[in-house]
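Inside the fold
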Amino acid sequence: MSTIHYHRIDSPVGPLTIAASDAGLHAIEFPSNRHPVRRDRDWREGDHPLLRRAQAQLDEYFAGERRTFDLPLAPQGTPFQREVWFALAAIPYGETASYAQLAARVDRPSATRAVGAANGRNPLPIVLPCHRVIGADGSLTGFGGGLPTKRFLLELEGALPRETPAPDLFAT
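In short, a report on the structure.

Each value, and the rule that gives it
Residues numbered from 1 in each chain as written. Predicted model: local features only at pLDDT ≥ 70, side-chain atom pairs only at ≥ 80, totals over all residues. Heavy atoms only, no water. Phe/Tyr/Trp six-rings, centres within 6.5 Å; stacked < 30°, edge-to-face > 60°. Helix = DSSP H or I, 4+ residues; strand = E, 2+ residues; numbered from the N terminus. Buried < 20%, exposed > 50% of the residue type's maximum accessible area, 1.4 Å probe, protein only. Polar contact = N/O pair within 3.5 Å; in protein donor to acceptor, adjacent residues only side chain to side chain. Contact = heavy atoms within 4.5 Å. Salt bridge = Lys/Arg side-chain N within 4 Å of Asp/Glu carboxyl O.

1. Considerations on the packing of aromatic side chains
Summed over all chains, the structure comprises five aromatic pairs. Seen from their ring centres, Tyr6 and Trp43 are 5.8 Å apart, and the 45° between their planes marks the pair as tilted. In this pair, Tyr6 is assigned in strand S1 (residues 4-9) and Trp43 in strand S4 (residues 43-45), connecting sequence segments 37 residues apart. Summarising the burial analysis for this pair, Tyr6 and Trp43 share the class buried. Residues Tyr61 and Tyr93 carry aromatic rings whose centres are separated by 6.3 Å and whose planes lie at 85° to one another, so their mutual orientation is edge-to-face. With Tyr61 in helix H1 (residues 49-62) and Tyr93 in the loop between helix H2 (79-88) and strand S5 (97-98), this residue pair connects regions lying 32 residues apart in the sequence.

Structure representation (structure tokens):
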């Protein structure tokens, strides 16, 4: 495998670590991920043209100027996980889907829990929008970046009405 370059960027949801190689974008991590991406000796802090491109597209997304991403992706996972992750891209901006709907999209309607587990290990949140998956009753359920971040992203996209006032994502 080639070297995976990573660096941290600022965003409205806090610092994000993004990682890429010549193969594509590998990871976007929130400050405290429930399931961090496994790093090995091939990871190096530094620059890569794809990191600059990803940062520009993320900046556009957070500014409300981008609804889809145009980046080569290289998430590492099982074939089932990758199938679930790429199915996330079919959930339109500003809309949500339940775990059961996502399971049906990958033609495994009885595998809701397995689909939920794969969704929870998505290494490319925001770009592969796992934040758009919600409970069957419309509730916000687990998210690697935390529920306040999930709410922020869904509000940004117009999938949820904005809370007043906006929550402080970094309150201690």
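2. Description of the side chain of Glu157
Within the secondary structure layout, Glu157 lies in helix H5 (residues 147-157). The class of Glu157 is buried, set by a relative accessible area of 7%. A polar contact of 3.4 Å, which involves the side chain of Glu157, links it to the backbone nitrogen of Gly94. Setting aside residues no more than four positions away along its own chain, Glu157 makes contact with Tyr61, Tyr93, Gly94, His131 and Arg132.

3. Some points on the pattern of salt bridges
In total, this model carries six salt bridges according to the counting rule given. Two residues, Arg132 and Glu157, come together in a salt bridge whose shortest N-O distance is 2.8 Å. Highlighted residues: Arg132 in the loop between helix H4 (112-120) and strand S6 (133-134) and Glu157 in helix H5, separated in sequence by 25 residues. Comparing Arg132 with Glu157, the two get one shared label, buried. Across the salt bridge formed by Arg151 and Glu155, the nearest N and O atoms sit 3.6 Å from each other. You can see Arg151 and its partner Glu155 sitting in helix H5, four residues apart, about one turn around the helix.

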